[in-house]
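# A look at the structure
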Amino acid sequence: MRELEGETTGTGQTTETPFSALVAHLREDGTTRLAVEKKTVSSLYMPDPYRSLPAVTIRVHYSSLNYKDALSASGNRGVTRSYPHTPGIDAAGIVTASEDTRFEEGQKVIVTGYDLGSNTSGGFGGMIRVPGDWVVPLPAELTLRDAMILGTAGFTAAYGVRKLLDNGLMPMYPGLDKPHSGMEEGSKPGNSQLDNSQPGNHDKAENPPLPVLVTGATGGVGSVSVGILHRLGFRVIAVTGKPEAREYLRSIGADEVHDRSFVMDVDTSRLLLSGRWAGGIDTVGGKLLEAMILQTAQAGVIACCGNVTGHELHTNIYPFILRGVGLMGIDSALCDMQIRQNLWKRLATDWRPAHLDKILAREVGLHELKEEIDTILKGGQTGRVLVVHE
């Protein structure tokens, strides 16, 4: 990469033109101090080996707040190795300069994942400089603002839905029993030690298709997952630890809303339990995912992306070898570019949640981000927080 001092970035600006950025400074005790500071493009940091690649400089119009951003902002060395640092794992904006011939000045683009906001200066700054290989042209059907209402969370949700579809999950999944009593509030699964319930060839009118589950449904990934799955025609059960969010989840497409006990109030020492759902999206992990696996029906599929309740997973082999349950990981940060572009196109068109406006919780500026970071770390965020650059 060329030296940047005094270099022109287009639109009459140079690399020394200041912009605002939220910067996390690490204290000796491991806590951080957050401050909005003036930075320049020449001060943007990109670690090896990325700095040797043709770079694109982007004026950021919007970013969004994700849990990973909050970890970076709070000094988590598993996310960010070196401080001071500007978090923000996603950004939407306009190219001001490009060493990559695929992009030109004035082009609207999206950047999510890769190393953005982890160790590379991120979207909580008014400018970013990243390898061209990380950049996605903004689909014509999408605005920069809507792209970041979706953001990394929306992209992760879409990737999870793709995993479900690619592994055979369909909206008209056959039901198990008549009536499907497992969906009633407070119902219990079967009591056998090895309950290997099989989908029957029942009449669809008498036996509705099994639903899909979305855990952590009020979060960014969960909310967008509910919206996409609803639009695709799935019966969606939203699982949340926030009873006050019931109406919100109904409004964005959930057919049913339940507390976590709906999934977890079972005997997980048993090898299998009655199949109650066709699979779904798990954003929580831990014991909730363990219970979800045991109650997933024949040929069901779960896509998982979260570890909010812990990184360990204790289960047994029977859901996988007797029911053919699939457990798929979602790694949206390093997703293949062709898949990435396809998913953004789907999010802009036929997978776009019908109630995207309701998924947006708040618009904030850089000076308001500290409070939002504290909220998301405490598990208090519902929906998406959009970060607006002046």
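Keep in mind that what you see is a predicted model, and the values were worked out from it rather than measured.

### Looking at the environment of Leu366
Among the secondary structure elements, Leu366 is positioned in the loop between β16 (360–364) and α10 (369–377). Look at Leu366 and you get buried, because its relative accessible area is 10%. The sequence separation of Leu366 and Ala21 amounts to 345 residues, and the corresponding C-alpha distance is 7.3 Å. If we skip the residues at most four places from it in the chain, Leu366 touches Ser20, Ala21, Leu22, Val36, Phe124, Val387 and His389.

### Some words on the confidence of the model for the chain
Confidence in the prediction of the chain, expressed as mean pLDDT, is 88, and 87% of residues score 70 or more. Across residues 1–8, where pLDDT falls below 50, the model places 24 contacts with residues more than four positions away in sequence or in other chains. Here residues 173–205 is modelled with pLDDT under 50, and outside its nearest four sequence neighbours on either side it reaches 85 contacts, counting other chains as well.

### Quick notes on helix α8 (residues 337–348)
The α-helix winds at 3.6 residues per turn, so residues separated by three or four positions along the chain end up facing the same way. End to end, α8 covers 16 Å across 12 residues, agreeing with the expected 16 Å (1.5 Å per residue, within 8%). Among all positions in α8, only Ile339, Arg340, Leu343, Trp344, Leu347 and Ala348 are buried. Packing partners of the buried residues in α8 comprise β7 (108–112), β9 (135–137), α2 (144–166) and α3 (220–232). For α8, the side-chain oxygen to backbone nitrogen distance between the N-cap and Gln338 is 3.0 Å, and the N-cap itself is Asp336.

### Regarding the sheet that holds strand β14 (residues 296–304)
Note on sheets: strands pair through backbone hydrogen bonds, and any given pair is parallel or antiparallel. In space, the six strands of this open sheet follow the order β12-β11-β10-β13-β14-β15, with parallel pairing throughout. Because the sheet does not close on itself, it has two edges, and the strands there are β12 (256–259) and β15 (326–329). Adjacent strand axes in the sheet meet at a mean angle of 20° when their direction is disregarded. Here four bridges tie strand β11 (residues 236–240) to β12, and the two strands are oriented parallel to one another. Each bridged residue has a counterpart across the sheet, and for Val239 the counterpart in β12 is His258.

About the criteria used
- Residues numbered from 1 in each chain as written.
- Predicted model: local features only at pLDDT ≥ 70, side-chain atom pairs only at ≥ 80, totals over all residues.
- Heavy atoms only, no water.
- Helix = DSSP H or I, 4+ residues; strand = E, 2+ residues; numbered from the N terminus.
- Buried < 20%, exposed > 50% of the residue type's maximum accessible area, 1.4 Å probe, protein only.
- Contact = heavy atoms within 4.5 Å.
- pLDDT = per-residue confidence, 0-100.
- Expected span 1.5 Å × (residues − 1).
- Polar contact = N/O pair within 3.5 Å; in protein donor to acceptor, adjacent residues only side chain to side chain.
- Pairing = 2+ DSSP bridges.
- Axes fitted to C-alpha atoms, helices over the stretch in contact; angles between N-to-C directions.

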